[in-house]
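# Remarks on the overall topology
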Amino acid sequence: MTNVPVRVAVQASRRLVRDALAGCLAGRPDFTVVGRTARCSDLPELCSLRRPDALLVEASGPDDRRIEAIRAVRSRYPTTNVVLVYQSMTPVEMVRAHQAGVTSMVPHSRGLDTVVASLKARPVRPGTADTATGPDRGAGGTLTDRELQVMSLICAGHSVREMAAMLGISPRTVENHKRRIYHKLDVHSQSQAASHASQLGLVAAPASDPAELTRTADRAEDAPFVLVHGPAGPVRDAVARVLATGDVPFGVNLVGPAESSTVAPAPITVLVDPGPGDWAGAGATTVVVVHAGPADQALTVDAVLRGADAILPADRVGDRLMPVLAVVRAGCLAVDGAQARDLFRALRACLGPVRPAVPESMLPVLTMREHDILRSIARGDTVRQTARSLGIAVKTVENTQGRLYRKLGARNRASALAIAHGFGLVEPG
């Protein structure tokens, strides 16, 4: 008996119910939520792309489309467990659901424990193979874990080069992954892919911790080589010990009176108590500074200006070095609270008073025209097509689109769609 989590996809037309069901299951170690959607018609494609072990479907009332979708899933994937939860159903509706292939029907009054037990049940004998035959949207194959990582970065608005750097692969490999994603989702552009993936619940919210995606990538790819540069002593030894324990490949550049202080190029360089000459050659790499003494404002600002991506006190190497490496690989700056305050004070001293650009509400308030632009983006229209359909100038579309990006905190069309889906600003389909 293995402890492999049950892969579940959730369908519920009401977003609150959908998020609640998915959240309850995602918080349990025995389940993995691989997708969530508002439309029952998306279920066959979701099964094609993610091959869940079970479907959790919420029945808010009689719906012929739900019955047809379940019938299509069970005919193509007979080992998929289909659990229907409902408030009330007539005997006729129950018979129809059973004939369509629903394996369990659980009333709301039975609670979550009954739902969990039903999801873990198997509808047929173990070992029975799925028979996926016939045309189906998304039938280009199942999305791999790497393709899901690329899709998540697309929805976050990253460029191909940024994705390649974060995942530790070449830009050409990223482009190949994107082409396969487009084929599997049956779309033709990055914006359409982001919209469709968000609609199916295939990607996490763009505002999630950027280090989490990097940690996921670390599990799929070997960790980058780390060069430790600094004088012999307990601090350098502590850094090497943490890297060795974490199975991170590393080397130590010994520094002594007769040795060169030039740092050899490496993907990540850890500088232990660096002097002015120790920074030579480190600018082309990701740099983590480990200091044994107290970190004052001058040390923090000087290290950041010289190109440091993280500043770590020596007494926190044991518990923070590995998380810091994950954060800097994601392209983020890692400093503690006191160091961040020092940086902000230095910036304020240089820039003077700066009016904070903080939104008044967590939910962006869009104008009618911005909603029109967002819906056009979701359809996959170009700027010129949008201008023609709305009867306005191309320049007006570009200006309105720019304001839309700023309100959503988006980098491009793909990230705007992913964020808008997260806020519920785009209707499914």
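First, a word on what this report is: a plain description of the structure on this page. Residue positions are given per chain, counting from 1 as you read along its sequence in written order. Only residues with pLDDT of 70 or above have their local features reported here, since the model is predicted, and side-chain atom pairs are shown and tallied only from 80 upward, although totals for entire chains, interfaces and linings are computed over all residues. The side-chain quantities take in all heavy atoms of the structure and omit both hydrogens and water.

## Description of the pattern of salt bridges
Salt bridge, as used here, is a side-chain nitrogen of Lys or Arg placed within 4 Å of a carboxyl oxygen of Asp or Glu. All told, the structure shown has 17 salt bridges when counted by the stated rule. A salt bridge links Asp 19 to Arg 15; the nearest nitrogen and oxygen atoms lie 3.4 Å apart. On the criterion of helical spacing, the pair formed by Asp 19 and Arg 15 is a turn pair, its members being four residues apart in helix α1 (residues 15–26). With a 1.4 Å probe rolled over the protein chains alone, any residue whose accessible area is under 20% of its type maximum counts as buried; one over 50% counts as exposed, and the rest are partly exposed. Using a relative accessible area of 34% as the deciding quantity, one classes Arg 15 as partly exposed. The shortest N-O distance in the salt bridge between Arg 369 and Asp 372 comes to 3.6 Å. Here Arg 369 and its partner Asp 372 are both found in helix α15 (residues 368–379), three residues apart, which amounts to about one turn of the helix. Judged by relative accessible area, which is 33%, Arg 369 ranks as partly exposed. One network of salt bridges, in which partners are shared, links Arg 15, Asp 19 and Arg 36. Numbering of helices and strands starts at the N terminus; helices are DSSP runs of H or I of at least 4 residues and strands are runs of E of at least 2.

## Let's talk about the side chain of Arg 76
Tracing the backbone shows Arg 76 in helix α3 (residues 64–76). Distance and chemistry together define a polar contact, namely a pair of N or O atoms within 3.5 Å, with one atom able to donate a hydrogen and the other to accept it when in protein, and with adjacent residues in sequence counting only for side-chain atoms on both sides. Polar side-chain contacts of Arg 76 include one of 3.3 Å to the side chain of Tyr 77.

## A closer look at the nonpolar core
In these notes, a set of buried Ala, Val, Leu, Ile, Met, Phe, Trp, Tyr and Cys residues joined through side-chain atoms within 4.5 Å is what counts as a nonpolar core. Core analysis: the largest hydrophobic core is formed by 48 residues, its most contacted members being Leu 55, Met 151, Leu 185 and Leu 202. With six residues, the single largest contributor to this core is helix α6 (residues 145–155). The contact definition used throughout considers only heavy atoms, calling two residues in contact when any of these lie within 4.5 Å. Ignoring anything within four residues of it in the chain, the contact list for Leu 55 reads Ala 9, Leu 43, Cys 47, Val 73, Thr 80, Asn 81, Val 82, Val 83 and Leu 119. Among the nonpolar cores identified, the runner-up in size contains 21 residues, and Ala 238, Val 317, Leu 321 and Val 328 belong to it.

## As for helix α13 (residues 317–329)
Here α13 is 13 residues long and its end C-alpha atoms lie 17 Å apart, about the 18 Å a rise of 1.5 Å per residue gives. Those residues of α13 lying buried are Val 317, Leu 321, Val 324, Leu 325, Ala 326, Val 328 and Arg 329. The positive-phi residue at the C-terminal boundary of α13 is Gly 331, with phi of around 85°. Each helix should span, by expectation, one fewer than its residue count multiplied by 1.5 Å.

## Some words on unusual backbone geometry
If you check the backbone angles, Arg 51 has positive phi at about 45° while not being a glycine. With respect to the helices and strands, Arg 51 occurs in the loop between α2 (43–50) and β3 (54–59). Residue Asp 186 is not a glycine yet carries a positive backbone phi of 60°. Judged by relative accessible area, Asp 186 falls into the partly exposed class, the value being 41%.

## Focus: the packing of helix α7 (residues 160–167) against helix α8 (residues 171–185)
Lines fitted to C-alpha atoms define the axes here, with helix axes fitted over just the stretch in contact, and angles between the N-to-C directions of these axes take values from 0 to 180 degrees. The contact between α7 and α8 brings their axes to 8 Å, and the two run at 105°. The pairing of α7 with α8 is recorded here as roughly perpendicular in orientation. Contact residues: Val 160, Arg 161, Met 163 and Ala 164 in α7; Pro 171, Val 174, Glu 175 and Lys 178 in α8. Of the residues assigned to the contact of α7 with α8, the class counts are five nonpolar, no polar and three charged. For classification purposes, an angle smaller than 35 degrees is called roughly parallel, one larger than 145 roughly antiparallel, one from 65 to 115 roughly perpendicular, and anything else oblique. Here the nonpolar group is Ala, Val, Leu, Ile, Met, Phe, Trp, Tyr, Cys and Pro; Asp, Glu, Lys and Arg are the charged ones; every other residue, Gly included, is treated as polar.

## Quick word on the pairing of strand β5 (residues 104–107)
Where strand β4 (residues 81–86) and β5 come together, four bridges link them in parallel fashion. Residue pairing for β5: Val 83 is matched across the bridge by Ser 104. If the strands point away from the viewer and the path from the first strand over the helix to the second runs clockwise, then the crossover is right-handed. Regarding topology, helix α4 (residues 91–100) serves as the crossover connection from β4 to the parallel β5, and that connection is right-handed. Should DSSP find at least two bridges between two strands, the strands are taken to pair.

## Looking at the sheet that holds β4
Spatially, β2-β1-β3-β4-β5 is the arrangement adopted by the five strands of the open sheet, whose pairing is parallel. Of all the strands in the sheet, just β2 (31–37) and β5 have a single pairing partner and so form its edges. Averaged over all pairs of adjacent strands, the angle between strand axes in this sheet comes to 25°, irrespective of strand direction. Both strand β1 (residues 6–11) and β2 contribute to a ladder of six bridges, which runs parallel. Pairing of Val 10 across the sheet is with Arg 36, part of β2. Where helix α5 (residues 111–120) meets the sheet, it contacts β1, β2, β3, β4 and β5, and its direction lies at approximately 160° from that of β4.

## A few points about the packing of α15 against helix α17 (residues 394–408)
At their nearest, the axes of α15 and α17 sit 9 Å apart, and the two run at 90° to each other. With respect to α17, the axis of α15 lies roughly perpendicular. Of the residues in α17, those in contact with Arg 369, Glu 370, Ile 373, Leu 374 and Ile 377 of α15 are Val 397, Thr 400, Gln 401, Arg 403, Leu 404 and Lys 407. Residue composition of the contact of α15 with α17, grouped by class: five nonpolar, two polar and four charged.

## Topic: the environment of Ala 330
By the element assignment, Ala 330 lies in the loop between α13 and α14 (337–351). Separated by 168 residues in the primary sequence, Ala 330 and Glu 162 have C-alpha atoms spaced 9.1 Å apart.

## Remarks on the pairing of strand β10 (residues 310–313)
Alternating positions in β10 separate into two faces, Ala 310 and Leu 312 on one and Ile 311 and Pro 313 on the other, with burial throughout. In this structure, strand β9 (residues 286–291) lies alongside β10, joined through four bridges in parallel fashion. Counted as the bridge partner of Val 289 is Ile 311 from β10.

By themselves these figures say nothing about function.
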